[in-house]
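# Inside the fold
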Amino acid sequence: MSAPTVFRVSIRSFDLVRLAVARVTGWVWYWTGNLGELFFDRFGRLSAIASVLWASLALAVHPGSWTYPVRNMFSKQVLFTAVDAIPAALRFGGAVGVLLIVQAAMWTDAAGATTEIVAPILWRSIVREIAPLLSCLVVIGRSGIAISTELATMRASGEVEVIDSMGIDPMTFLVMPRVLAVMISVFCLAIITAVTMVVTGYAVGFMMDAIHTSWNDFYGEIASNFELSDLTFFLSKTMIAGGFAGAICCLEGVNARGSMTDVPRIASRAGIRALTAVFAVSAILSILFYNKILVFQFG
Amino acid sequence: MTGDAITTEPPAPQWELAAPILEFHDVNFKGTGETSIQMKRFTGALRSGELVEVELERHHNPRDLVSMMLGLNPPDAGEVLYDRQDWLGTDYPRHFQMRSEIGRVFAGSAWVQSLTLRDNIQLPMRHHGIAETAAKKKVAHWIRRLTGHQRAKVKWALKKRPNVVEPSVLQLCQLVRAVANGPRLLILERPLRFLPESLYDRFVSAMDDLRDAGTAILFFAGDRDEYQLKFRKPVNHWRIVDGAIDTHGRRRP
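Below or above, wherever it landed, is the structure these notes cover. (Residues numbered from 1 in each chain as written. Chains lettered and ligands numbered in written order. Predicted model: local features only at pLDDT ≥ 70, side-chain atom pairs only at ≥ 80, totals over all residues. Heavy atoms only, no water.)

## Describing the overall build of chain A
Stated formally: Segments assigned H or I by DSSP are reported as helices when at least four residues long, segments assigned E as strands when at least two residues long, and all are numbered from the N terminus. A radius of gyration in this sense is built from C-alpha atoms; the matching globule rule multiplies 2.2 Å by the number of residues raised to 0.38. Remark: exposure states derive from per-residue accessible area (1.4 Å probe, protein chains only) relative to the maximum for the residue type, with buried under 20%, exposed over 50%, and partly exposed in between. Contacts between residues were defined by any pair of non-hydrogen atoms, one from each residue, lying within 4.5 Å. With residues, only the protein chains shown are counted as cover, and all accessible areas are computed by Shrake-Rupley using a 1.4 Å probe. As used throughout, the charge tally considers Lys and Arg to be positive and Asp and Glu to be negative, leaving His and the chain termini uncounted. To locate a charge, the coordinates of NZ of Lys, CZ of Arg, CG of Asp or CD of Glu are taken.
Scanning chain A from terminus to terminus reveals 9 helices and 2 strands. Listing each helix as α and each strand as β along chain A from the N terminus yields α-α-α-α-α-α-α-α-α-β-β. Over its C-alpha trace chain A gives a radius of gyration of 27 Å, far above what one expects of a compact globule, namely 19 Å for 299 residues. Taking the principal axes of its C-alpha atoms as reference, chain A extends roughly 100 × 65 × 35 Å. Across the 299 residues in chain A, those meeting the buried criterion constitute 44%. Restricting the contact set of chain A to residue pairs at least 6 apart, pairs at least 24 apart contribute 84%. When the accessible surface of chain A is summed, it comes to about 15,400 Å², and 73% of that surface belongs to carbon and sulfur atoms. If you average the places of the 20 positive and of the 19 negative side-chain charges in chain A, the two averages end up 13 Å apart.

This is the structure we're talking about:
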């Protein structure tokens, strides 16, 4: 091979190596950039939700915020989100209670075990996990999406601007009462759901002959498993998960851009994000409180 | 000699001596829409008791500009002051307090659709701590004052939500809401658009009385109806030249 040919080949090889390095570097930069963008996007969204939640609580403890229109808005929202949702919570609680308690009783019966064994599991799974989650599902499905739809419509049609122009803080008038109402509603509905699950589950199980103990024994087994930490957990879980759900739905609605045609898309996105947040908050709180994910112990 | 020169000058109009309510210093503003009114290094002031009329072409939309004046949108450059205070920073209670002293008649959508008209009108007063009875009295007074033969229609409409009420009645209710709490600054965006001509005199008389009480009025007049209005002198004029507002203007002949 002549010297010029060797030179040409080596130059070409060098070009190929340089091209490969450039491509690899490009890909690394591209993916690093994407990851960074994703991180900042998620971090920004999370901090926005936390800000709305914090601002709502800060405004709520300030007596001057509770003007007549704000009180009126809050009571209407509680009526819609909690009181009007009781039938839905009863239906959901009843159905899931039957599924859970009857199944558990039938399986323990088949295994030759007694209700004493299944009662603590039932109690913990209902109070710690299922009732808060079910009530969150009811509130988000029924009210959360409605809240984001209403606020997005108000934003798109200029109503938020009208409220702002009159010297009324949209955060105080529109967001704070809704976030608080959602928090309180999730808590109240979770209690109703838990009670409904236990009562309906026992009644149907007893009728199907899957549960052989009396109501007093059954209830006594469940009540004897009650701990103070359960109450703390139940309260904090429903309030925090409800707060996140309310804040996300309000934030999505208030941040709406564009025209009325975007409103359904914003509402469905708010519902999905609120549900995701509720599941995430639920799992994180479970880990923090019991060093468990759901009801299972690590290790 | 100097003393003679001073004595021969005509006395300044009362509004020129009054404190500025709304001030603009070198403001640049573009707005978001194609029909938005712009500001290009605009400097001007609106004083207590003064009425400034801005004549609009049919395509002009003052909504963006007015929102900027109220601190809802920031200007691209320059400074806007209300009662010598800016709209900057995070002192939100002060900003909301400042806005509560400003009455506004909106061009376009102006109502919270989920509330009745009465609730809409009384909402700002209730929120800012005016007693229920006082708020009702003020609203009743301005309804008597502004609505004339339309009073029965307006009273009927107060119980309804805005989407079922006809535009002329809505316009009257907007006027009532804007003036009910005795604003220090009144910004009117095409306030006569749907108003019956028979009520123009009542409108003019109400505006003049508000000016006597110290209210500064910025009147974005439409392109047709307002020529017959006879406000108390002096009336100052700003003009829109090439889409941008300018203080060196006068009313079109």
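After that view of the structure, there is still more to cover.
## Focus: the overall build of chain B
A count of helical and extended segments in chain B gives 9 helices and 10 strands. The proportion of buried residues among the 253 residues of chain B is 49%. Put simply, of all contacts in chain B between residues at least 6 apart along the chain, 72% involve residues at least 24 apart.

## Quick look at the side chain of H60 of chain B
Tracing the chain through its elements places H60 of chain B in the loop between β3 (51-55) and α3 (63-69). Excluding anything up to four places from it in sequence, H60 of chain B contacts T35, I37, R190 and I240 of chain B.

## Section: the interface of chain B and chain A
Applied cut-off: Here the buried area means the combined drop in accessible surface, using a 1.4 Å probe, for two parts upon being joined, counting both sides. One side-chain nitrogen of Lys or Arg within 4 Å of one carboxyl oxygen of Asp or Glu is enough to make a salt bridge. Identification of polar contacts relies on pairs of N or O atoms within 3.5 Å, with a donor-acceptor requirement for protein atoms, meaning one able to donate a hydrogen and the other able to accept it, and with residues adjacent in sequence counted only if both atoms are side-chain atoms. Under the scheme applied, nonpolar residues are Ala, Val, Leu, Ile, Met, Phe, Trp, Tyr, Cys and Pro; charged residues are Asp, Glu, Lys and Arg; polar residues are all the others, including Gly.
Listed per partner, the contact involves 22 residues of chain B and 21 residues of chain A. Together chain B and chain A conceal approximately 1,800 Å² of surface at their shared face, both sides included; 64% is due to carbon and sulfur atoms. Three residues, F96, L123 and H127 of chain B, lead the burial of chain B against chain A; their summed loss comes to 32% of the area buried on that side. Two residues, R99 of chain B and D164 of chain A, come together in a salt bridge whose shortest N-O distance is 3.8 Å. Along the contact surface separating chain B from chain A lie 8 residue pairs in polar contact (both at pLDDT 80 or more). Of all the secondary-structure elements, those providing two or more residues to the side of chain B that touches chain A are α3, α4 (92-100) and α5 (117-127) of chain B. Counting residues per element, the side of chain B that touches chain A draws most heavily on α5 of chain B, at 4 residues. The residue makeup of the side of chain B that touches chain A, split by class, is 10 nonpolar, 7 polar and 5 charged.

## Some points on helix α9 (residues 200-212) of chain B
The periodicity of an α-helix, 3.6 residues per turn, causes residues three or four positions apart to be oriented the same way. Residue and element names in this part refer to chain B. Keep this limit in mind: Expected span of a helix, by definition, is 1.5 Å for each gap between consecutive residues, and there is one gap fewer than residues.
Between its first and last C-alpha atoms α9 spans 18 Å; for 13 residues at 1.5 Å apiece the expected length is 18 Å, and the two agree. Inspection of α9 places Y200, F203, V204, A206, M207, D208, L210 and R211 among the buried residues, and these make up the whole buried set. Close packing links the buried residues of α9 with β3, α6 (132-147), α8 (167-179), β7 (185-189) and β8 (216-221). Two residues or fewer past α9, G214 is found with a positive phi of approximately 105 degrees.

## Structural notes on the pattern of salt bridges
Counted according to the given criterion, the structure contains 25 salt bridges over all chains. Measuring nitrogen to oxygen at the nearest pair gives 3.0 Å for the salt bridge that ties R63 of chain B to E161 of chain A. A residue pair is termed interchain when its members come from two chains, as with R63 of chain B in helix α3 and E161 of chain A in helix α5 (residues 159-165). Taking the relative accessible area as the measure of exposure, R63 of chain B reaches 10% and is therefore buried. Given the relative accessible area of 23%, E161 of chain A is considered partly exposed.

## Structural notes on the packing of aromatic side chains
Keep this limit in mind: Only Phe, Tyr and Trp rings take part, Trp by its six-membered ring, and two of them pair if their centres are within 6.5 Å. Stacked means planes under 30 degrees apart, edge-to-face means over 60, and tilted covers everything else. When the NZ atom of lysine or the CZ atom of arginine is within 6 Å of a ring's centre and also within 35 degrees of its normal, the charge is said to sit over that ring.
If you walk through the whole model with that rule in mind, you get 19 aromatic pairs over all chains. Plain terms: the ring middles of W66 of chain A and F74 of chain A are 5.4 Å apart, the flat faces sit at 80 degrees to each other, and that makes the pair edge-to-face. By relative accessible area, which is 19% here, F74 of chain A ends up buried. Each member of the aromatic cluster is reached from another via a ring pair, and the members are Y202, F206, W215, F218 and Y219 of chain A. One cation-aromatic arrangement involves R142 of chain A over F80 of chain A; the distance from NZ or CZ to the ring centre is 4.8 Å. Lying across the ring of W111 of chain B, R177 of chain B places its NZ or CZ 4.3 Å from the centre.

## Quick look at the sheet that holds strand β2 (residues 39-47) of chain B
Residues and elements named next belong to chain B. Spelled out, the test is: Should DSSP find at least two bridges between two strands, the strands are regarded as paired.
As summarised here, the arrangement of the 4 strands in space is β2-β1-β4-β5, forming an open sheet in which the pairing is antiparallel. Looking at the sheet topology across the chains shown, the edges are occupied by β2 and β5 (85-86). Direction of pairing for strand β1 (residues 20-29) relative to β2: antiparallel, over a ladder of 6 bridges. Pairing of P20 across the sheet is with R47, part of β2.

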